[in-house]
Amino acid sequence: MVENSVRIANHRIRHQSELVVGEIADVALAVSDSQLMQLLLNLIFNANEAKREELGRCRIELSTEIIDDHYCFRVKDNGIGMPEEVLSRALQPFFTRGKLNGTGLGLAICQSILDQVNGRIQIDSTEGEGTLVTLQIPLAPVGAKLKISADSSEQGVNLRGLVIDDDALLGELVADMFESKDASSVTAIDDAIKLIETSSLAFILCDLNMPSGGAQELYRYLRQRDSDLVDRMIIMTGGAVDPEAQAFLKRTSIPILYKPFGQTELFEAVATLERRVT
């Protein structure tokens, strides 16, 4: 899987960066193959996006080492680096600074994946010189099988919060901000309705615009059923709002979280909502 990740990364960044790969051991890890690929691609693409403009090509080094019961992946670049105030926010969702491209989600997604297996991410950086990101992933116990999470549509009754976003990774990331097991995420209104019908929810965060129908469709569904969850909605949006959506927001006065937002803003929005309905 590491070789596949390197091959995919090289194909995408080969004109901007030189990717140097050290010896890779074939060991079983506590993350799935798809998660490992996502971790490595996020780090490599991040490094490529942080290239210094004055450099013809960025140099990215991938090395590994087994330390006790963890497998360490290190991705080092000679890019723009980060000052301390930026480094302290590097794992915050949506946060980005000085990169040529990027959404600010790559490192936060890595953190979310590693949290699931008690792994760790460490970032060392010097402004103007480059960055070193180290992933510490637990080795899989001999004979162990990866735990597969139940599908969110089957979780039901114990949920307190529901996040609805057509970007699956973003939805999972927002749900993970609650640092508990009582928030879940789905990518479509139909799936959300199934959970709503089987759960006792305290709040719902829904993206304003989604291909399968967003906050307006969910609002209509809840109003038709005279559900008190209408008053427990929070809308998420990136800020691009068409006239119809603007009229909807003005008419309903539903609280809005503008992307990007962090854990503090999220908690404040939920706390404000709970004060309004109690």
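Just so it is clear, the structure is predicted and the values come from calculations on it, not from any experiment.

Rules behind the numbers
- Residues numbered from 1 in each chain as written.
- Predicted model: local features only at pLDDT ≥ 70, side-chain atom pairs only at ≥ 80, totals over all residues.
- Heavy atoms only, no water.
- Helix = DSSP H or I, 4+ residues; strand = E, 2+ residues; numbered from the N terminus.
- Polar contact = N/O pair within 3.5 Å; in protein donor to acceptor, adjacent residues only side chain to side chain.
- Phe/Tyr/Trp six-rings, centres within 6.5 Å; stacked < 30°, edge-to-face > 60°.
- Lys NZ or Arg CZ within 6 Å of the ring centre and 35° of its normal.
- Salt bridge = Lys/Arg side-chain N within 4 Å of Asp/Glu carboxyl O.
- Buried < 20%, exposed > 50% of the residue type's maximum accessible area, 1.4 Å probe, protein only.
- Pairing = 2+ DSSP bridges.
- Axes fitted to C-alpha atoms, helices over the stretch in contact; angles between N-to-C directions.
- Right-handed = clockwise from strand over helix to strand, strands pointing away.

## Some points on the side chain of S199
Here is step 1: In this fold, S199 is placed in the loop between helix 6 (189-198) and strand 8 (203-207).
Here is step 2: For S199, the side chain forms a polar contact with the main-chain oxygen of L195, separated by 2.8 Å.

## Details of the packing of aromatic side chains
Here is step 1: Applying the stated criterion across every chain yields a total of two aromatic pairs.
Here is step 2: Above the plane of the ring of F45 lies R12, whose end atom (NZ or CZ) is 3.9 Å from the centre.

## A short note on the pattern of salt bridges
Here is step 1: Under the definition given, this model contains seven salt bridges.
Here is step 2: Across the salt bridge formed by E65 and R74, the nearest N and O atoms sit 3.0 Å from each other.
Here is step 3: The salt bridge partner of R160 is E274, with a shortest N-O separation of 2.2 Å. Pair noted here: R160 is in the loop between strand 5 (130-138) and strand 6 (161-164) and E274 is in helix 9 (residues 263-277), with a separation of 114 residues, a long-range link.
Here is step 4: You can call E274 partly exposed: its relative accessible area is 24%.
Here is step 5: Three or more residues joined by partner-sharing salt bridges are found here, namely E18, R59 and E61.

## Topic: the sheet that holds strand 7 (residues 183-186)
Here is step 1: With respect to topology, five strands assemble into an open sheet ordered 7-6-8-9-10, the strand pairing being parallel. With partners counted over all chains shown, the strands left at the sheet margins are strand 7 and strand 10 (256-258), one partner each. Each strand axis lies, on average, 20 degrees off the axis of its neighbour in the sheet, ignoring direction.
Here is step 2: Where strand 8 lies against strand 9 (residues 233-237), four bridges are found, and the strand directions are parallel.

## A short note on the sheet that holds strand 5
Here is step 1: Spatially, the five strands line up as an open sheet ordered 1-2-3-5-4, and their pairing is mixed. Single-partner strands in this sheet number two, and they are strand 1 (17-21) and strand 4 (120-126). On average, adjacent strands in this sheet sit at an angle of 15 degrees to one another, irrespective of strand direction.
Here is step 2: As paired strands, strand 4 and strand 5 are joined by seven bridges and run antiparallel to one another. Directly across from I121, in strand 5, lies its bridge partner L135.

## Focus on unusual backbone geometry
What you tend to see is this: most non-glycine residues have negative phi, and most peptide bonds are trans.
Here is step 1: The phi dihedral of D68 is positive, around 55 degrees, even though this residue is not glycine.
Here is step 2: Summarising the element assignment, D68 is placed in the loop between strand 2 (58-67) and strand 3 (70-77).
Here is step 3: For D68, a relative accessible area of 68% corresponds to the exposed category.
Here is step 4: For S253, which is not a glycine, the phi torsion comes out positive at approximately 60 degrees.
Here is step 5: Considering the arrangement of structural elements, one finds S253 in the loop between helix 8 (243-252) and strand 10.

## Here we look at the pairing of strand 8
Consecutive residues of a regular strand have side chains that alternate between opposite faces of the sheet.
Here is step 1: Within strand 8, five of the five residues are buried, which leaves the element mostly enclosed by the surrounding structure.
Here is step 2: Every second residue of strand 8 is oriented toward a common face, with F203, L205 and D207 on one face and I204 and C206 on the other, all of them buried.
Here is step 3: Sheet topology places strand 6 next to strand 8; four bridges connect them, and they run parallel. Residue pairing in the sheet places L162 in a bridge with I204 of strand 8.
Here is step 4: What joins strand 8 to strand 9 is helix 7 (residues 215-224), and the crossover it makes is right-handed.

## Regarding the pairing of strand 2
Here is step 1: The pairing of strand 1 with strand 2 spans five bridges and is parallel. The residue of strand 2 that forms the bridge with V20 is E61.
Here is step 2: Crossover handedness for the path strand 1 to helix 2 (residues 33-49) to strand 2: left-handed.
Here is step 3: In terms of strand pairing, strand 2 meets strand 3 through eight bridges, oriented antiparallel. Bridged to I60 within strand 3 is D77.

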